[in-house]
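Notes for the structure review
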Amino acid sequence: GYQATRELRQRENGTHHTPVIAMTAHAMAGDRERCLEAGMDDYLTKPLRSEALADMLSRWINPDATAGGAGDAGCEPVKAFV
């Protein structure tokens, strides 16, 4: 995931921004920071709770969402696979 996100960010070249949300079983100290440093936008740990996933997706794809997500500010549509 880290390398794929870095590659995606290089290919975007500032033209658009595709939200990347880490979904990982890793919940150790520093894991979230490593994901964000790699260019990911947010982080969810497994096992996923449906409420947490819905909240996360809402923040990133809903233009009227509360602060903290990107809303629709130039983001490509999100495809979620659960």
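Just so it is clear, the structure is predicted and the values come from calculations on it, not from any experiment.

A separate point is the nonpolar core. Formed by Leu-44, Ala-52, Leu-53, Met-56, Leu-57 and Trp-60, the largest nonpolar core amounts to six residues. In terms of residue count, the dominant contributor to this core is helix H3 (residues 50-61) (five residues). Grouped together as the second largest cluster of nonpolar side chains are five residues, Val-20, Ala-22, Cys-35 and Tyr-43 included.

What follows deals with the pairing of strand E2 (residues 42-45). Note: strand E1 (residues 21-24) against E2, four bridges, orientation parallel. Pairing of Met-23 across the sheet is with Leu-44, part of E2. In the classification by handedness, the crossover that spans E1, the intervening helix H2 (residues 31-37) and the parallel E2 is right-handed.

This brings us to the side chain of Asp-31. Position of Asp-31 relative to the elements: it lies in helix H2. According to the relative accessible area criterion, Asp-31 is buried, its value standing at 6%. Within the structure, Asp-31 has its side chain in polar contact with the side chain of Arg-34 (distance 2.4 Å). The contacts of Asp-31, once residues within four sequence positions are left out, are Tyr-2, His-26 and Tyr-43.

Between its terminal C-alpha atoms H3 stretches 16 Å, which fits the 16 Å expected from twelve residues at 1.5 Å a residue. Within the sequence span of H3, burial applies to Ala-52, Leu-53, Met-56, Leu-57 and Trp-60. For H3, the angular spread of the buried residues around the axis is 125°, confining them to a single face. Relative to its buried face, H3 has exposed residues pointing more than 90 degrees away, namely Ser-50 and Glu-51. Of the surrounding secondary structure, the elements contacted by the buried residues of H3 are E1 and E2.

Criteria and cut-off values
- Residues numbered from 1 in each chain as written.
- Predicted model: local features only at pLDDT ≥ 70, side-chain atom pairs only at ≥ 80, totals over all residues.
- Heavy atoms only, no water.
- Core = buried A, V, L, I, M, F, W, Y, C linked by side-chain atoms within 4.5 Å.
- Buried < 20%, exposed > 50% of the residue type's maximum accessible area, 1.4 Å probe, protein only.
- Helix = DSSP H or I, 4+ residues; strand = E, 2+ residues; numbered from the N terminus.
- Pairing = 2+ DSSP bridges.
- Right-handed = clockwise from strand over helix to strand, strands pointing away.
- Polar contact = N/O pair within 3.5 Å; in protein donor to acceptor, adjacent residues only side chain to side chain.
- Contact = heavy atoms within 4.5 Å.
- Expected span 1.5 Å × (residues − 1).
- Arc of directions from axis to C-beta.

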